[in-house]
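Results of the structural survey
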Amino acid sequence: MPVNKPVAARVQTVTGAEAAVGMLAAHGVEIIFGLCGDTSLPFYDALARLEHGMRHVLTRDERHAAYMADGYARVSGKVGVCEGPSGGGATYILPGLVEANESSIPVLAINSDISLAARGRFTLTELDQRALMRPLTKWNAVLDRSADVPRAFRAAFEAMTTGRPGAAHIALPFDVQNGPVEKSEIWADPTLGEYPSRRVAPDPFHVELAAKLLRGARRPVFICGGGVVLARAEHELIELAERLSAAVATTISGKGSIPEDHALAVGVVGSNGGTPETRAIVDAADLVVFVGCRAGSVTTERWRHPAPGSVKVIHLDVDPAVLGVSYRVDVPLVGDAKLALAALGEALGPFTRPLEATAVAQARAAKLAKFRVLAESAAVPIKPERVVAELSKQLDADAVVVADPGTPCPYFSAYYPVRGTGRRYFSNRAHGALGYAMAAAVGAHLARPAVKTVAVMGDGSFGMCAGELETLVRLRLPVTLVVISNSVYGWIKAGQKSGYHERYFAVDFSATDHARVAEAFGVKAWRVTEPDRLAGVLQQALAHDGPTLVDIVCQPLHEARAPVSEWVA
Ligand SMILES: Cc1ncc(C[n+]2csc(CCOP(=O)(O)OP(=O)(O)O)c2C)c(N)n1
C-alpha cells in the first residue's frame, strides 16, 4: 500500500535570495549593475551559485549602477536592474532611481537591508527604506517575509512596464534573503520585462474629435516628448505627420521620434536646445498636438510657446494625470502613443493635405546657417559648436550619444542631428543632475554593443563620475568620453551673467588635465586645445577598441552663444 508522505516534506523550497535571483531571470533580465555590501551577502552568494544566465556588472558607486541601469533600459527597451546594500547603498542608489522614475524609464533597484530581528536597535546602516523610496518610485516595498519575494517581484515588473513606465524599489532584509520560499512560486510573465508591456488604446470618441480638429487645422504642429520613443510609435507618428503635412518638433527626450533630416522635422523646441527658428514654427501653429509630452517648463519656455489660448490643443499621453495641467486641452487622448496615433490615422479616413514643408525647411536652413559660422571657427579656446560639428561628421547614424547638463545638453540637443528613429540620443532631463552621461553610456553600450556609444560631459560632470573610469577599463568597453573642459560651472555662471549683472560667485574651479586622469585609470586619452587637431583625435578615439577620453579645452559656456533662450535676451 502507498504511504502518503507528510505534505511539508514534498514542498521544495529555495531561499529568499535564490527566489530573488530566480524572479529576475524569469522576467528576462540579462544584466544587473551593482555594488556589494554586508547585508547583500546571501544575494551575492545566490548569484554566484545558481545557473541563471545573467551578468553582474560591478560598479564603483551605486548612483552609477542606477544610471547604468537607466541607460541600459532606455536603449534596450527592457527593464534595467541595479542593486546595492543597506544604508549608504540605498541613499547612493536613490539619485539614479528618481531620475529614471521621473523620466518614465523602468528601472528596478534592489537594496538589501538589515535583518528584521535587528530593527530599532541602533543597527549599523538601519534606515527606513520604505519611506525613503516611496515618493521616488512608482512602486516600492520592504519585504518582511521570504514568501513575499515572488509576488513582490511580479508586482514591481508589472508596475514598471504598464501605463506610464517608472522605477520600482525592493528592499530585501538579510533574514528574508535566508528564509524559505516555495520553489513552485518562482514564475513570471517574461513580457513584463519589456516596455510597454500592456498597451491601452484611447477612447474612440476622443479619437474622432481629434481627427476632426486635425482635418480643420491649417498649420498643425506635433510636439513629441519621450513618450513616442518609449512607445516605439515613430512609424505611426511619421505616417500621420506626412498625411497631414504637419511639422514635427520634439523635446530633448523626444529626439529620435523622427529623423531630423526629414522634411517635416523641426528639431528640438524649448528653452534648452530650442532656437528662435524652431520657436517660430510653434508660434505659427493653429493646432498643437502634444504626444507623450508633459508640456513642462523647458519644452514650452515656461508655458509661453505655444501661447496659452492662441492655439487649439490635442494632448495625447498614457498618463491621464498629465493632461490639462499646463494647457487647456481641446481634445484629451489617454493611451499608448503607438495605438493612439494609428487610431488617429484610421479616423482621418482618406484625408490628406499636400506636402508643404517650406516653413520647416526655411527654419532649419536659418538655424543651420547661424550654427555653421561658429562650427567652422578656428578660434581658441575651441567653440562648443565646433565640437558638435566634428563629432556629428564622424559618428554613424546608428551611434548613441548621451549628453550631460551644462554645455553638452543644449548644444547637442540643438545641433546634433539624429538621423533615424529610436533611442540614439538622450540626456537626463528629469533632474538634470551632473555626472550622468558616463554611466548611462556604459548601460547604453551594453544594451546595443554593435554601435558606437559616446558620452559628452562638462568638467563639472567629470568630477562627479570619474571613479567609473575603472569600470570602463575593467570591462574594456569601447565607449568614447568627451569632456568639455572650461574650469567653470558654466551653466550657472551664464545665469549669473544674464540675470545678476555678472556678479560671479562660487562658480569657477581650477583646470584639470582630464586626459591624464583617464590615463591613470588605463583609458586611452587625448587633450585637445587647438581646433585643427580635433577631427584627427576624435577619429582615433572613436576607432579605438577600448575606452577612450578626449578632453577638449572649450570656450566657457557663459561666453558662448548657447541655444538657451533665457540667455539670448
Ligand atoms: C548634481 C547637480 N548639482 C548641481 C547642478 C546645477 N548645475 C546645473 S548646470 C551646472 C554647471 C555645469 O558645469 P559643467 O559640468 O562644468 O558644465 P558647463 O556648464 O561648464 O559646460 C550646475 C552646477 C546640477 N545640475 N546637478
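Predicted model only: the values in this text are computed from it and were never measured. (Residues numbered from 1 in each chain as written. Predicted model: local features only at pLDDT ≥ 70, side-chain atom pairs only at ≥ 80, totals over all residues. Heavy atoms only, no water.)

Bringing the pairing of strand S14 (residues 331-334) into the picture now. Every second residue of S14 is oriented toward a common face, the buried set being Val331 and Leu333 and the non-buried set Pro332 and Val334. One ladder, built from four bridges, connects strand S13 (residues 312-317) with S14; its direction is parallel. Pairing of Ile314 across the sheet is with Val331, part of S14. (Buried < 20%, exposed > 50% of the residue type's maximum accessible area, 1.4 Å probe, protein only. Helix = DSSP H or I, 4+ residues; strand = E, 2+ residues; numbered from the N terminus. Pairing = 2+ DSSP bridges.)

This paragraph deals with the sheet that holds strand S19 (residues 524-528). One open sheet holds the six strands; their spatial order is S16-S15-S17-S18-S20-S19, and the pairing between them is parallel. In the strand order of this sheet, the two ends are held by strand S16 (425-427) and S19, each with one partner. Strand-to-strand twist of the sheet, defined as the mean angle between neighbouring strand axes without regard to direction, takes the value 15°. Along the sheet, helix H16 (residues 408-415) makes contact with strand S15 (400-403), S16, strand S17 (453-458) and strand S18 (480-485), crossing S16 at roughly 150°. Across the sheet, helix H17 (residues 437-447) is in contact with S15, S16, S17 and S18; its angle to S17 comes to roughly 175°. (Axes fitted to C-alpha atoms, helices over the stretch in contact; angles between N-to-C directions. Contact = heavy atoms within 4.5 Å.)

Helix H15 (residues 384-394) sits mainly inside the fold: nine of its 11 residues count as buried. Of the residues making up H15, those classed as buried are Pro384, Glu385, Arg386, Val387, Val388, Ala389, Glu390, Leu391 and Ser392. Its buried side turned inward, H15 meets helix H14 (358-375), H16, S17, S18, helix H22 (531-543) and strand S20 (548-553).

Moving on: the pattern of salt bridges. Evaluation of the coordinates by the stated rule reveals 25 salt bridges. Between Lys78 and Glu30 there is a salt bridge whose closest N-O contact spans 3.5 Å. A residue pair is termed long-range when its members are at least 10 positions apart, and Lys78 in the loop between helix H4 (62-76) and strand S4 (80-84) and Glu30 in the loop between helix H2 (16-26) and strand S2 (31-34) qualify at 48 residues. Accessibility expressed as a relative area gives 14% for Lys78, which makes it buried. With a relative accessible area of 42%, Glu30 lands in the partly exposed category. Here Arg63 makes a salt bridge to Asp61, at a shortest N to O gap of 3.7 Å. Ionic contacts of the salt-bridge type, sharing partners, join the residues Glu18, Asp45 and Arg49 into one network. (Salt bridge = Lys/Arg side-chain N within 4 Å of Asp/Glu carboxyl O.)

By size, the foremost hydrophobic cluster in this structure holds 55 residues, and its most contacted members are Phe33 and Leu481. Apart from residues lying up to four places away in sequence, Leu481 is in contact with Met438, Ala455, Met457, Leu469, Leu472, Thr548, Leu549 and Val550. Listed in part, the 39 residues of the second largest apolar core include Val387, Val454, Leu534 and Leu542. (Core = buried A, V, L, I, M, F, W, Y, C linked by side-chain atoms within 4.5 Å.)

Here His305 and Pro306 are connected by a cis peptide whose omega angle stands at 5°. Here Pro306 lies in the loop between strand S12 (287-291) and S13. Residue Pro381 is reached from Val380 by a cis peptide bond, and omega for that bond is -5°. Tracing the backbone shows Pro381 in the loop between H14 and H15. Here the phi dihedral of Thr125 falls at roughly 75°; this positive angle occurs in a residue that is not glycine. Its location among the elements puts Thr125 in the loop between strand S5 (107-113) and helix H6 (129-133). At Arg302, a position not held by glycine, the phi torsion is positive, near 60°. Checked against the element boundaries, Arg302 lands in the loop between S12 and S13. Classification of Arg302 as partly exposed rests on a relative accessible area of 49%.

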